Amino acid sequence: MNAYEEYMKEITQPMRSELTSAGFTELATPEEVDTFVTTAKGTSLVVVNSVCGCAAGLARPAVIDALSNGVTPDHLVTVFAGQDKEATEKMREYFEGIQPSSPSIALMKDGKVAHFIPREEIEGFELESISNNLTKAYQTHR
């Protein structure tokens, strides 16, 4: 690993930990993504994590807040855009017809996207609005 990669790994660790400490599993390789998507039954919340300010100030906090509202998906997973590039690309292949966006949040049911929140519906929105959007999606697609 070169100095840049080592630096980025160190810098992004708190961003990763914010989700993993809330119960998310990181999918860091394309193989992990394929295995997860093809075998996960029920609902899965997928967060495409990012280094940007709207991920830190809105996406991650909103996802964690929505999980505290009583209705939660069966599975919680995350990929990290710009860091785990191949895993992120592989996950985006399962987001059929949806433009790449980071951060973004997908609610999948049996491996298919049931609800998607792109960056355009995160950046500039209130945390509560994003959290409510997710909570309604959980209730609709459980």
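Placed above this text is the structure.
Residues numbered from 1 in each chain as written. Predicted model: local features only at pLDDT ≥ 70, side-chain atom pairs only at ≥ 80, totals over all residues. Heavy atoms only, no water.

Novice: Can you walk me through the environment of Pro-103 in this structure?
Specialist: Relative to the helices and strands, Pro-103 is located in the loop between α4 (85–94) and β4 (104–109). Put simply, Pro-103 and Val-79 are 24 residues apart on the chain and 10.0 Å apart in space, counted from C-alpha to C-alpha. Other than its neighbours up to four places away in sequence, Pro-103 contacts Val-48, Ser-50, Cys-52, Cys-54, Ala-55, Ala-59, Pro-118, Arg-119 and Ile-122. (Helix = DSSP H or I, 4+ residues; strand = E, 2+ residues; numbered from the N terminus. Contact = heavy atoms within 4.5 Å.)

Novice: Which parts of the structure should I look at to understand the pattern of salt bridges?
Specialist: When the charged atoms of two side chains lie near each other, side chains of opposite charge can form a pair. For the structure shown, the criterion picks out 6 salt bridges. The structure contains a network of salt bridges with shared partners spanning Arg-16, Glu-26 and Asp-84. (Salt bridge = Lys/Arg side-chain N within 4 Å of Asp/Glu carboxyl O.)

Novice: Even after reading the chapter, I still don't get the side chain of Ser-50, so can you show me in this structure?
Specialist: Secondary-structure assignment places Ser-50 in the loop between β2 (43–49) and α3 (53–67). A relative accessible area of 9% means that Ser-50 is categorised as buried. In terms of polar contacts, Ser-50 uses its side chain to reach the backbone amide nitrogen of Cys-52, at 3.4 Å. With near-sequence residues (within four places) excluded, Ser-50 lies in contact with Met-15, Ala-55, Arg-60, Phe-80, Ser-102 and Pro-103. (Buried < 20%, exposed > 50% of the residue type's maximum accessible area, 1.4 Å probe, protein only. Polar contact = N/O pair within 3.5 Å; in protein donor to acceptor, adjacent residues only side chain to side chain.)

Novice: Where do I start with the nonpolar core in this structure?
Specialist: Core analysis: the largest hydrophobic core is formed by 23 residues, its most contacted members being Phe-24, Leu-45, Val-63, Ile-105, Ile-122, Leu-134 and Tyr-138. Elements that contribute at least two residues to this core include exactly β2, α3, β4 and α5 (127–141). Element by element, the count of residues in this core is highest for α3, at 8 residues. Filtering out sequence-adjacent residues up to four positions away, Ile-105 remains in contact with Leu-45, Val-46, Val-63, His-115, Phe-116, Ile-117, Ile-122, Ile-130 and Leu-134. One finds Phe-36, Val-46, Val-79 and Ala-81 within the second-largest nonpolar core, a separate group that totals 16 residues. (Core = buried A, V, L, I, M, F, W, Y, C linked by side-chain atoms within 4.5 Å.)

Novice: Before we go on, may I ask you to explain the sheet that holds strand β1 (residues 25–26) in this structure?
Specialist: The strands that make up a sheet are held in pairs by hydrogen bonds between backbone atoms, and each pair lies either parallel or antiparallel. The strand order β1-β3-β2-β4-β5 describes an open sheet built from 5 strands, whose pairing is mixed. Edge strands, defined here as strands with exactly one partner in the open sheet, are β1 and β5 (112–117). Relative to strand β3 (residues 75–80), β1 runs parallel, the two being bridged by 2 bridges. Within β3, the position partnered with Thr-25 by the bridge is Val-77. (Pairing = 2+ DSSP bridges.)

Novice: What is the right way to look at the packing of helix α2 (residues 30–39) against α4 in this model?
Specialist: Relative orientation and spacing of two packed helices are given, respectively, by the angle between their axes and the distance between those axes. Direction vectors running N to C along α2 and α4 enclose 30 degrees, while the axes themselves pass 7 Å from each other. Looking at the two axes, α2 sits roughly parallel to α4. As α2 runs across α4, the sense of the crossing is right-handed. On the side of α2, the interface is formed by Pro-30, Val-33, Asp-34, Val-37 and Thr-38, while α4 contributes Glu-86, Ala-87, Lys-90, Met-91 and Tyr-94. Tallied by class, the residues present in the contact of α2 with α4 amount to 6 nonpolar, 1 polar and 3 charged. (Axes fitted to C-alpha atoms, helices over the stretch in contact; angles between N-to-C directions. Parallel < 35°, antiparallel > 145°, perpendicular 65-115°, else oblique. Left-handed = near helix turned anticlockwise from the far one by under 90°. Nonpolar A, V, L, I, M, F, W, Y, C, P; charged D, E, K, R; others polar.)

Novice: Is there a simple way to think about the packing of aromatic side chains in this case?
Specialist: When we look at a pair of aromatic rings, we describe it by the centre distance and by the angle of the planes. The full count for this structure, using the stated rule, is 1 aromatic pair. When the ring of Phe-95 is compared with that of Phe-116, the centres are 5.4 Å apart and the planes differ by 65 degrees; the resulting orientation is edge-to-face. Taken as a pair, Phe-95 in the loop between α4 and β4 and Phe-116 in strand β5 lie far apart in primary sequence, 21 residues in all. As far as burial versus exposure is concerned, Phe-95 and Phe-116 are alike and both buried. (Phe/Tyr/Trp six-rings, centres within 6.5 Å; stacked < 30°, edge-to-face > 60°.)

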